[in-house]
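Coordinates in review
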Amino acid sequence: MPANDPARAQRHLLEAPGLRATILTLGGVIERLEVPDREGRFANVALGLPAPADYAAQGPYFGALIGRYANRIARGRFTLDGREHRLATNDGPNSLHGGGRGFDKRIWDVAAADPRRLDLSLVSPDGEEGYPGTLTVRVSYTLEGADTLRIDYAAETDAPTVVNLTNHSYWNLAGEGSGTALGHELEIAADGFTPVDETVIPTGEILPVEGTPFDFRTPVPIGARIRADHPQLRIGQGYDHNWVLRGVPGAGVRPAARLRDPGSGRVLEVLTDQPGLQFYSGNLLDGTLAGPGGRLYRSGDGVALETQHFPDSPNRPAFPSTVLRPGEVFRSTTQLRFGTR
């Protein structure tokens, strides 16, 4: 059986009083995440697909671990230490989420497992998808307390390379397959965002959110301004942008975003030590994919809050660096804290 045959995928259940998570070794996918509403009724709030083989064959990265480089790299190329590296392009002229066969398509090894923690490991060989260096990655999913899923990332390399890791879950706090999430209220701890060009690559600017549809400094329903006549919303067909988070990257986790469904009362708080948050409003969900509950997913039926470095950082010296060198260890932590209000 081939090493990355989806038939080899294993499921692991992590369980706490207020949270149950099912994780696949294929792509490290968060397949299900069940949390209670204000009445104590549990529901799965993570969009997904009916079977592991579906994740390998199709789908917009539902629940997956993303690497080597989450988000986009312009023209599928970057220069490091004077040498140009050419990557697989799979998003128009650009490289997206690690290329055609990123970490989301790989079977990860189980390094350790118990009812509250799952440690996954992966070796990405030198030259995979055009990236230099053999990269050794470890990702841990850990339940903290009754209601928090913590994701810890670590990576080492044997040659200079670039790294940007995230989880690409889509959330609908009313429940998977329940319809639109555009009524969810969103708050993002950011005063600026990185505008993009026509191919969704950052221009290099950081613009203030004040006075724009990108101002989520206080809670706003996602759909309230998504159809505003703003050039950035036209490019992304909605929100598909990086917000520049407040605080010092790498100095410990701090609040990044807060998502609330008024109907169920469910709340998701995202905390991270990363410099950016990519908010994607599920714009390209087009009714061609059905979830495990048998309902078709349409635009806005789930939203992603991806904690990460900025897109195209390898080509933007002014952005926080994503370079990793031998002897260094890339580390990152994100916490997903669920509750009700």
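Here is what the cut-offs are and how they apply
Residues numbered from 1 in each chain as written. Predicted model: local features only at pLDDT ≥ 70, side-chain atom pairs only at ≥ 80, totals over all residues. Heavy atoms only, no water. Helix = DSSP H or I, 4+ residues; strand = E, 2+ residues; numbered from the N terminus. Buried < 20%, exposed > 50% of the residue type's maximum accessible area, 1.4 Å probe, protein only. Contact = heavy atoms within 4.5 Å. Areas by Shrake-Rupley, 256 points an atom, 1.4 Å probe, with all protein chains shown as cover. Lys, Arg positive; Asp, Glu negative; His and termini not counted. Charge placed at Lys NZ, Arg CZ, Asp CG, Glu CD. Pairing = 2+ DSSP bridges. Phe/Tyr/Trp six-rings, centres within 6.5 Å; stacked < 30°, edge-to-face > 60°. Lys NZ or Arg CZ within 6 Å of the ring centre and 35° of its normal. Axes fitted to C-alpha atoms, helices over the stretch in contact; angles between N-to-C directions. Salt bridge = Lys/Arg side-chain N within 4 Å of Asp/Glu carboxyl O.

This next bit is on the overall build of the protein chain. Regarding its fold elements, the protein chain presents 2 helices and 29 strands. If one aligns the C-alpha atoms of the protein chain with their principal axes, the spans along those axes are about 55 × 50 × 40 Å. With 341 residues in all, the protein chain has 57% of them scored as buried. Relative to all contacts within the protein chain whose residues are 6 or more apart in sequence, the contacts with residues 24 or more apart total 66%. Surface accessibility of the protein chain: about 13,100 Å² in total, with carbon and sulfur atoms responsible for 49%. Separation of charge centres in the protein chain, based on 35 positive and 41 negative side chains, amounts to 1 Å.

On to the pairing of strand β17 (residues 185–188), then. Burial along β17 is one-sided: the face carrying Leu186 and Ile188 is buried and the face carrying Glu185 and Glu187 is not. Relative to strand β20 (residues 220–221), β17 is paired through 2 bridges, and the arrangement is antiparallel. Paired with Glu185 across the strands is Pro221, a residue of β20. Summarising the sheet, β17 and strand β22 (residues 254–260) pair through 4 bridges and their orientation is antiparallel. Along β22, the bridge assignment pairs Leu186 with Leu259.

Another aspect to go through is unusual backbone geometry. Put simply, Gly67 and Arg68 share a cis peptide bond, and its omega is 0°. Tracing the backbone through its elements, the reader meets Arg68 in the loop between β5 (64–66) and β6 (72–73).

In this section: the packing of aromatic side chains. Two numbers describe a pair of aromatic rings. These are the distance of the centres and the angle of the planes. In this structure the tally under the stated criterion is 17 aromatic pairs. Ring geometry for Tyr239 and Trp243: centres 6.3 Å apart, planes at 50°, overall tilted. For Tyr239, a relative accessible area of 0% translates into the label buried. Grouped by ring-pair contacts, the aromatic residues Phe193, Phe214, Phe216, Tyr239, Trp243 and Phe279 constitute a single cluster. One Lys or Arg, Arg20, reaches over the ring of Phe42 and ends 4.3 Å from the middle of that ring. We note Arg225 situated over the ring of Phe216; from NZ or CZ to the ring centre the distance is 5.2 Å.

What follows is about the sheet that holds strand β2 (residues 19–24). Reading across from one edge, β1-β2-β3-β4 is the order of the 4 strands in this open sheet, with antiparallel pairing throughout. Of all strands in the sheet, those bounded by a partner on one side alone are β1 (11–16) and β4 (42–44). Each neighbouring strand pair of the sheet contributes to a mean axis angle of 15°, computed without reference to strand direction. Here 4 bridges tie β2 to strand β3 (residues 30–36), and the two strands are oriented antiparallel to one another. Directly across from Ala21, in β3, lies its bridge partner Leu33.

Another aspect to go through is the sheet that holds β17. Sheet strands line up and pair through hydrogen bonds in the backbone, either parallel or antiparallel. Strand order in the open sheet made by the 9 strands is β10-β11-β12-β13-β29-β23-β22-β17-β20, with antiparallel pairing throughout. Whereas interior strands pair on both sides, the edge strands pair on one side only; in this sheet they are β10 (109–114) and β20.

Let's shift gears to the pattern of salt bridges. All chains considered together, the criterion is met by 20 salt bridges. Ionic pairing is found between Asp240 and Arg72, a salt bridge with its closest N-O pair at 3.5 Å. Residue Asp240 is located in strand β21 (residues 240–245), and its partner Arg72 is located in strand β6; the two are separated by 168 residues in the primary sequence. Here Asp240 and Arg72 have matching classes, each one buried.

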